[in-house]
Amino acid sequence: MSSAKRTILVTGAASGICKATAERLRSQGRRVISADLKGADIEADLGTAAGRSHMIERARELAPHGLDAVLAGAGIGNPAMPREIVTVNYFGALATLEGLQPLLARGHKPRAVLIASTAAFLPVDDRLVELCLAGDETAAVARAVASPERAYPSSKHAIARWLRKACIQPQWAGAGILLNAIGPGVIETPM
């Protein structure tokens, strides 16, 4: 199979890094399925359970034979939005990767990339990180709202820790699916 025929799903594709990535992939002949709040093939709010389920279901409909790659890039950085930071950056990214893993397993030379951040190395709220990793979204959101100044680096630190543990598991490496993260620094975008 030619790499030009690869089907790639990109979350956060309406702006910033993910928009530029989706445009470049399309210019190279790839089939891109975009996901974002609006202006995308799949319009879904990854900060909600319903939005996450909708995104996964639509991806199944749009790529019934599988995905060759996923870029989990949807994210929030606004410190005035600690709830959304946690629900999108950690729980939305996690749901994207776990929910689309079965489609990747059917893809050709499947790859998944998560946009983490160099902010993952900043001081974090250890309790918030642990609540994320434990899957306790309600408590994690409450903790982020109570300590908003560390919500962003904590969400990125938590998802990076999840990835380091998950990437070697049977459903990822064992199934031949490469799972990696990139950690960009500050990027000038509308966000």
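Attention here is on the structure that accompanies the text. (Residues numbered from 1 in each chain as written. Predicted model: local features only at pLDDT ≥ 70, side-chain atom pairs only at ≥ 80, totals over all residues. Heavy atoms only, no water.)

**A look at the overall build of the protein chain**
Helix and strand content of the protein chain: 6 helices and 6 strands. Of the regular secondary structure in the protein chain, the N- to C-terminal order runs β-α-β-β-α-β-α-β-α-α-α-β. Here the C-alpha radius of gyration of the protein chain, 16 Å, is about what a compact globule of 191 residues would show, namely 16 Å. Counting only C-alpha atoms and orienting by the principal axes, one finds that the protein chain spans roughly 50 × 35 × 30 Å. When burial is assessed residue by residue, the protein chain has 47% of its 191 residues classed as buried. (Helix = DSSP H or I, 4+ residues; strand = E, 2+ residues; numbered from the N terminus. Rg over C-alpha atoms; globule rule 2.2 N^0.38 Å. Buried < 20%, exposed > 50% of the residue type's maximum accessible area, 1.4 Å probe, protein only.)

**What to know about the layout of surface pockets**
Size it by volume and the second largest pocket reaches roughly 200 Å³. What lines the second largest pocket is simply R6, I8, I17, T21, L25, A69, V70, L71, R111, V113, I115 and I182. Within the residue set of the lining of the second largest pocket, elements represented by two or more residues are α1 (16–27), β4 (69–72) and β5 (111–115). Partitioned by chemical class, the residues of the lining of the second largest pocket number 9 nonpolar, 1 polar and 2 charged. (1 Å grid on protein atoms, 1.4 Å probe; cavity = no way out; pocket = protein on both sides within 12 Å on 5 of 7 lines; lining within 4 Å. Points joined across faces, edges and corners; volume = space filled by probe spheres on them. Nonpolar A, V, L, I, M, F, W, Y, C, P; charged D, E, K, R; others polar.)

**A few points about the environment of S155**
Of note, S155 is situated in helix α6 (residues 151–166). Accessibility expressed as a relative area gives 0% for S155, which makes it buried. Sequence spacing of S155 and G176 is 21 residues, and the spatial spacing of their C-alpha atoms is 27 Å. If sequence neighbours within four positions are ignored, S155 has contacts with I85, V86, N89 and Y90. (Contact = heavy atoms within 4.5 Å.)

**What to know about the packing of aromatic side chains**
One pass over the structure, following the stated rule, counts 1 aromatic pair. Ring plane angle 85° and centroid distance 4.8 Å describe the contact between Y90 and F91, whose orientation is recorded as edge-to-face. For F91, a relative accessible area of 6% gives the class buried. (Phe/Tyr/Trp six-rings, centres within 6.5 Å; stacked < 30°, edge-to-face > 60°.)

**Regarding the pattern of salt bridges**
Throughout the structure, instances matching the rule amount to 6 salt bridges. Residues R26 and D41 are paired through a salt bridge, measuring 4.0 Å at the closest nitrogen-oxygen approach. Note that R26 is positioned in helix α1 and D41 in the loop between β2 (31–36) and β3 (42–43), a separation of 15 residues in sequence. Put simply, R161 and E130 hold a salt bridge, and the shortest N to O gap is 3.0 Å. Taken together, the residues R161 in helix α6 and E130 in helix α4 (residues 126–133) connect sequence positions 31 residues apart. Among the residues examined, E130 registers a relative accessible area of 38% and is labelled partly exposed. (Salt bridge = Lys/Arg side-chain N within 4 Å of Asp/Glu carboxyl O.)

**Some details on helix α3 (residues 82–105)**
Taking 1.5 Å per residue as the helical rise, α3 with its 24 residues ought to reach 34 Å, and the 33 Å between its terminal C-alpha atoms agrees with that figure. Residue G92 marks the point of greatest curvature in α3, where the axis turns by about 30°. Here α3 lies mainly inside the structure; 19 of its 24 residues are buried. (Expected span 1.5 Å × (residues − 1). Bend = angle between axes of the 7 residues up to and from the residue.)

Read these as geometric descriptors, not functional statements.
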